Amino acid sequence: MTREQYILATQQNSLPRIENPQLYPVGIYGWRKRCLYFFVLLLLVTMIVNLAMTIWILKVMNFTVDGMGNLRVTKKGIRLEGISEFLLPLYVKEIHSRKDSPLVLQSDRNVTVNARNHMGQLTGQLTVGAEAVEAQCKRFEVRASEGEKVLFSADEDEIIIGADRLKVTGTEGAVFGHSVETPHIRAEPSQDLKLESPTRSLIMEAPRGVQVTAAAGDLKATCRKELHLQSTEGEIFLNADIIRLGNLPMGSFSSSPSSSSTPRQTIYELCVCPNGKLYLSPAEAGSTCQSTSNICLWN
C-alpha cells in the first residue's frame, strides 16, 4: 500500500457516516415550468409575427437595394418617380424633372417658394394662389430663353420692358396715370392710332420738335373750344396746294354808317402773297388784294 492510499483510507474511516441522507432536486417544476414554456412560446410567436410584418412591409413598400418604392437613392441625390406628397416642409438644394416630362407642383390652397439668407431672414417669396400670383423681392426679372436679354424688370424705382415691341390688345387701350417717355409710338398696319385724355389735357413735348406724319391718310385736329397755333420764335408754315378755312362768317361793307351814334366797323380782307405769307387789308367797295400786291414785295 502506498502512502497516498493509506492517507485516503484513514480519512474515509475518520468521517462520520450520515444515515438516510435527504436529496434536493435541482430544476424548475410545476406551475413555474408551465409559465416558462408559455412565455417562451409567446416570445416565439411574437418573433414570427414581427418577422412576417417586416417581410410584408418590405414587400408593400417595395424596398430594394437602391431605395424604397418610387424613391431611389442615387449618387447625385434622391430620385422620385410618379406623384409624391409632402405633408411637412421640404428642404432641398435643387429640384429637377426628367428630361421627357415636366415638373408639376400642386397644392389644394397655394404654392409658396421662399428664399432665405444665412441668418434665416426672408429675402424672396413667390406665391401662386387661386386668385393671384404674388412675388415679393427686391428686383423681379423675366429673361429671354438665352438668359442674356432682360424682357421685363421691376423694382421700387422703375419698371423696364426690354422687348423689341410692346403690344396692347385691349379694347380700352393703355391707361397711364403719369407721364410717358418714348421715342416712337406706332399703330399696327391698317389700324388707327388714337391718343386721348377723356377728362384732362394731352401734352406732347420734345426739346427738338414734335413731328406728326400721316403718310397715306388725313391728319385731323378737333377741339371743342379754341385751337391755338403758336410759335414764339419761328413761323407757322402751311404747305399745301389748297388751304381752306370753312364756316367763316361773311361781313358786308357799308360806306356810310346806318346811324350817327353807331361807330363805323372796319372790315379787313385776308390776302395771300405768292410766297405764302398772309396779310390783312382793309376791305372797301371792292377787293384790295390785287391793288395792294406791292406789300408782298416790301415784306
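Residues numbered from 1 in each chain as written. Predicted model: local features only at pLDDT ≥ 70, side-chain atom pairs only at ≥ 80, totals over all residues. Heavy atoms only, no water.

**What about the overall build of the chain?**
Phase 1 of the analysis: The helix and strand inventory of the chain stands at three helices and eleven strands.
Phase 2 of the analysis: Listed N to C, the secondary structure of the chain is α-α-β-β-β-β-β-β-β-β-β-β-β-α in terms of helices and strands.
Phase 3 of the analysis: Put simply, the chain has 299 residues, and 5% of those count as buried.
Phase 4 of the analysis: The contacts of the chain with a sequence gap of at least 6 include a subset with a gap of at least 24, amounting to 3%.
Phase 5 of the analysis: Surface summary for the chain: the accessible area is close to 30400 Å², and the carbon and sulfur share equals 55%. (Helix = DSSP H or I, 4+ residues; strand = E, 2+ residues; numbered from the N terminus. Buried < 20%, exposed > 50% of the residue type's maximum accessible area, 1.4 Å probe, protein only. Contact = heavy atoms within 4.5 Å. Areas by Shrake-Rupley, 256 points an atom, 1.4 Å probe, with all protein chains shown as cover.)

**As for a nonpolar patch on the surface**
Phase 1 of the analysis: On the surface, Leu41, Leu44, Val45, Ile48, Val49, Met53, Trp56, Ile57, Leu58, Val60, Met61 and Phe63 cluster together into a nonpolar patch covering about 1100 Å² of accessible area.
Phase 2 of the analysis: Summarising the element assignment, Val60 is placed in helix α2 (residues 31-60). (Patch = residues over 30% accessible without salt bridge, like charges linked within 9 Å, V, L, I, M, F, W, Y side chains within 5 Å. Salt bridge = Lys/Arg side-chain N within 4 Å of Asp/Glu carboxyl O.)

**Re the pattern of salt bridges**
Phase 1 of the analysis: Applying the stated rule across the entire model yields four salt bridges.
Phase 2 of the analysis: Here Glu141 ties to Arg143 by a salt bridge, and the two come within 3.0 Å at their closest N and O atoms.
Phase 3 of the analysis: A relative accessible area of 32% means that Glu141 is categorised as partly exposed.
Phase 4 of the analysis: For Arg143, a relative accessible area of 40% translates into the label partly exposed.
Phase 5 of the analysis: With its nearest N and O atoms 2.8 Å apart, the salt bridge here joins Lys149 to Asp164. With a gap of 15 residues between them, Lys149 in the loop between β7 (140-143) and β8 (150-154) and Asp164 in the loop between β9 (159-161) and β10 (268-272) connect regions that are remote in the sequence.
Phase 6 of the analysis: Shared partners join several salt bridges into a network, and the residues in it are Arg139, Glu141, Arg143 and Asp155.

**With respect to the UniProt feature "transmembrane region" (unreviewed entry) in the chain**
Phase 1 of the analysis: Here the UniProt-annotated "transmembrane region" (unreviewed entry) positions come out as residues 36-58.
Phase 2 of the analysis: The span residues 36-58 carries 100% helix and 0% strand; its end-to-end C-alpha distance comes to 33 Å. (UniProt positions renumbered as here; feature names shortened; annotations may be inferred.)

**Focus: the pairing of strand β11 (residues 278-282)**
Phase 1 of the analysis: The side-chain alternation of β11 yields one buried face, formed by Tyr279 and Ser281, and one unburied face, formed by Leu278, Leu280 and Pro282.
Phase 2 of the analysis: The sheet contact formed by β10 and β11 spans five bridges and is antiparallel. Looking at the pairing, Leu270 lines up with Leu280 of β11. (Pairing = 2+ DSSP bridges.)

**Details of the pairing of β8**
Phase 1 of the analysis: Across four bridges, the pairing between β7 and β8 is antiparallel. Its bridge partner lying in β8, Arg143 is registered against Val150.
Phase 2 of the analysis: With antiparallel pairing between neighbouring strands as the criterion, β7 and β8 make up a hairpin whose turn holds six residues, including Gly147 at a positive phi of roughly 90°.
Phase 3 of the analysis: By the bridge criterion, three bridges tie β8 to β9 in an arrangement that is antiparallel. Within β9, the residue paired with Phe152 across the bridge is Ile161.
Phase 4 of the analysis: What sits between the antiparallel neighbours β8 and β9 is a turn of four residues.

**What about the sheet that holds β7?**
Backbone-to-backbone hydrogen bonds pair the strands of a sheet. The strands run either parallel or antiparallel.
Phase 1 of the analysis: Overall, antiparallel pairing links the three strands, which are arranged β7-β8-β9 in an open sheet. Edge strands, defined here as strands with exactly one partner in the open sheet, are β7 and β9. Looking at each pair of strands side by side, their axes are set apart by 10° on average, direction ignored. (Axes fitted to C-alpha atoms, helices over the stretch in contact; angles between N-to-C directions.)

**Comments concerning the sheet that holds strand β4 (residues 111-116)**
Phase 1 of the analysis: Strand order in the open sheet formed by three strands is β4-β5-β6, with antiparallel pairing between adjacent strands. Here the strands that pair on one side only, and so sit at the sheet edges, are β4 and β6 (133-136). Neighbour-to-neighbour, the strand axes of this sheet turn through a mean angle of 10°, independent of strand direction.
Phase 2 of the analysis: Pairing of β4 with strand β5 (residues 122-128), which is carried by six bridges, proceeds in the antiparallel orientation.

**Focus on the packing of aromatic side chains**
Any aromatic ring pair is given by two values, namely how distant the centres are and how the planes are angled relative to each other.
Phase 1 of the analysis: One pass over the full model with this rule turns up two aromatic pairs.
Phase 2 of the analysis: Ring plane angle 65° and centroid distance 5.9 Å describe the contact between Phe38 and Phe39, whose orientation is recorded as edge-to-face.
Phase 3 of the analysis: Taking relative accessible area as the criterion, Phe38 reaches 51% and is therefore assigned exposed.
Phase 4 of the analysis: Classification of Phe39 as exposed rests on a relative accessible area of 53%.
Phase 5 of the analysis: For the ring pair Phe140 and Phe152, a centre distance of 6.4 Å and an interplane angle of 65° mean the geometry is edge-to-face. Taken together, the residues span a long stretch of sequence, with Phe140 in strand β7 and Phe152 in strand β8 at a distance of twelve residues. (Phe/Tyr/Trp six-rings, centres within 6.5 Å; stacked < 30°, edge-to-face > 60°.)

**Considering the side chain of Thr127**
Phase 1 of the analysis: Within the secondary structure, Thr127 is located in strand β5.
Phase 2 of the analysis: Once residues lying within four places of it in the same chain are set aside, the contact partners of Thr127 are Asn110, Val111, Thr112, Ala132, Val133 and Glu134.

**What about the side chain of Ser153?**
Phase 1 of the analysis: When you line up the elements, Ser153 lands in strand β8.
Phase 2 of the analysis: Among the polar contacts listed, one links the side chain of Ser153 to the side chain of Arg139, at a separation of 2.7 Å.
Phase 3 of the analysis: Non-local contacts of Ser153, meaning those with residues more than four positions away in its chain, are made with Arg139, Phe140, Glu141, Glu158, Ile159 and Ile160. (Polar contact = N/O pair within 3.5 Å; in protein donor to acceptor, adjacent residues only side chain to side chain.)

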